[in-house]
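The residues making up each chain are set out below.
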Amino acid sequence: MAAVLVAVALLIVAAVASGISDIAGAWAVPPEVSEKQQAAEDEADAAQAAVREKLEQRLSLDDAWDLVEQYGEQKYPEGFSLNDAGTIWETAADENTWDLRATCRVGDTDGVCHVVVKAGSSGEPYVDSFEIEGDAS
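Note that the structure is predicted; figures quoted are calculated from it, not measured.

Conventions used here
Residues numbered from 1 in each chain as written. Predicted model: local features only at pLDDT ≥ 70, side-chain atom pairs only at ≥ 80, totals over all residues. Heavy atoms only, no water. Patch = residues over 30% accessible without salt bridge, like charges linked within 9 Å, V, L, I, M, F, W, Y side chains within 5 Å. Areas by Shrake-Rupley, 256 points an atom, 1.4 Å probe, with all protein chains shown as cover. Salt bridge = Lys/Arg side-chain N within 4 Å of Asp/Glu carboxyl O. Lys, Arg positive; Asp, Glu negative; His and termini not counted. Charge placed at Lys NZ, Arg CZ, Asp CG, Glu CD. Helix = DSSP H or I, 4+ residues; strand = E, 2+ residues; numbered from the N terminus. Core = buried A, V, L, I, M, F, W, Y, C linked by side-chain atoms within 4.5 Å. Buried < 20%, exposed > 50% of the residue type's maximum accessible area, 1.4 Å probe, protein only. Contact = heavy atoms within 4.5 Å. Phe/Tyr/Trp six-rings, centres within 6.5 Å; stacked < 30°, edge-to-face > 60°. Pairing = 2+ DSSP bridges.

S.K.: For this particular structure, what's the right way to read a negative patch on the surface?
M.R.: Judged by side-chain charge, E56, D62, D63 and D66 come together as a negatively charged surface patch. Per-element accounting of the negative patch gives the leading share, three residues, to helix α4 (residues 61-75). For D63, the position within the fold is in helix α4.

S.K.: Before we go on, may I ask you to explain the nonpolar core in this structure?
M.R.: The tendency in soluble globular proteins is for nonpolar side chains to be buried as a group. Formed by 23 residues in total, the largest nonpolar core has its most connected members in V68, F80, W98, C113, V117 and F130. When contributions to this core are tallied by element, the ones reaching two or more residues are α4, β1 (80-94), β2 (97-106), β3 (109-119) and β4 (125-134). In contact with V68, not counting residues within four places along its chain, are F80, L82, L100, C113, V115, V117 and F130.

S.K.: When you look at the environment of D128 in this model, what are you seeing that I'm missing?
M.R.: Take D128: it is sitting in strand β4. Overall, D128 belongs to the partly exposed group, its relative accessible area being 44%. With sequence-adjacent residues up to four places away left out, D128 is seen in contact with V116 and K118.

S.K.: I'm lost on the packing of aromatic side chains in this one. Help?
M.R.: Two descriptors summarise a pair of aromatic rings, namely the distance from one centre to the other and the angle between the planes of the rings. Tallied over the entire structure, the rule returns four aromatic pairs. Note on Y76 and F80: the rings are 6.2 Å apart at their centroids and 20° apart in plane angle, and the pair reads as stacked. The class of Y76 is buried, set by a relative accessible area of 12%. For the ring pair F80 and F130, a centre distance of 5.8 Å and an interplane angle of 55° mean the geometry is tilted. Here F80 is found in strand β1, whereas its partner F130 is found in strand β4, with 50 residues between them in sequence.

S.K.: Which parts of the structure should I look at to understand the pairing of β4?
M.R.: Looking down a regular strand, the side chains alternate between one sheet face and the other. Across nine bridges, the pairing between β3 and β4 is antiparallel. Each residue of the ladder has a partner; that of V116, found in β4, is S129. Counting the residues between successive antiparallel strands, the hairpin from β3 to β4 contains five residues, one of them, G123, with a positive phi of roughly 95°.

S.K.: So what exactly am I meant to see when it comes to the pairing of β3 here?
M.R.: Of the pairings in the sheet, the one linking β2 to β3 comprises 10 bridges and is antiparallel in character. Opposite W98, over in β3, you have V117 as the bridge partner. Taken together, β2 and the strand that follows it, β3, pair antiparallel across an intervening segment of two residues, in which G107 is found at a positive phi of about 60°.

S.K.: Sorry, what's going on with the environment of F130 here?
M.R.: Relative accessible area serves as the criterion here: at 8%, F130 is assigned to the buried category. Sequence separation between F130 and G72 is 58 residues, and the spatial gap between their C-alpha atoms is 8.3 Å. The contact partners of F130, leaving out residues within four places of it in the chain, are V68, Y71, G72, K75, Y76, F80, C113, H114 and V115.

These values are about where atoms sit, not about what they do.
Right, dumping it as C-alpha cells:
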C-alpha cells in the first residue's frame, strides 16, 4: 500500500513539474473578461432588458407561453405538452416578438419546441412560427 501512495505522489510531482497543472488550472478557471468585453456585454444586456420591458407591456411572457401550449395542443391532437422545467430560452427579439424555446413532448416522443410569438397590430398575439426539433415531429 505504501508503494502505491509513493507512486501516486511521484506522478503528482511529475505532473506539476511538467506544467500539466497550468493546463488543468486554465481549464478549471475561466479566463478573465476584459473591461471592453464586459462593457459590451453589459450594454447588450441593458438593450435586451429595455426591449423585453416594452414587449412585456404588449404581450406578457406568460400569455405567450399559454398561446404556445394551446397552439401545440391544436397542432398535435395525439398529445402535446411543454416541459415546465425545460425552458431553454425566452428572448425578446424585438418590441413585438418573443423567440421561445423549451423541451416538449409530442405523443410519446421528446423534442425541443421553437416558437416565435408576435403581438399583432391590434394587440392580439399570434404564433408566427412553430417547429419541433429533435425526435418529436
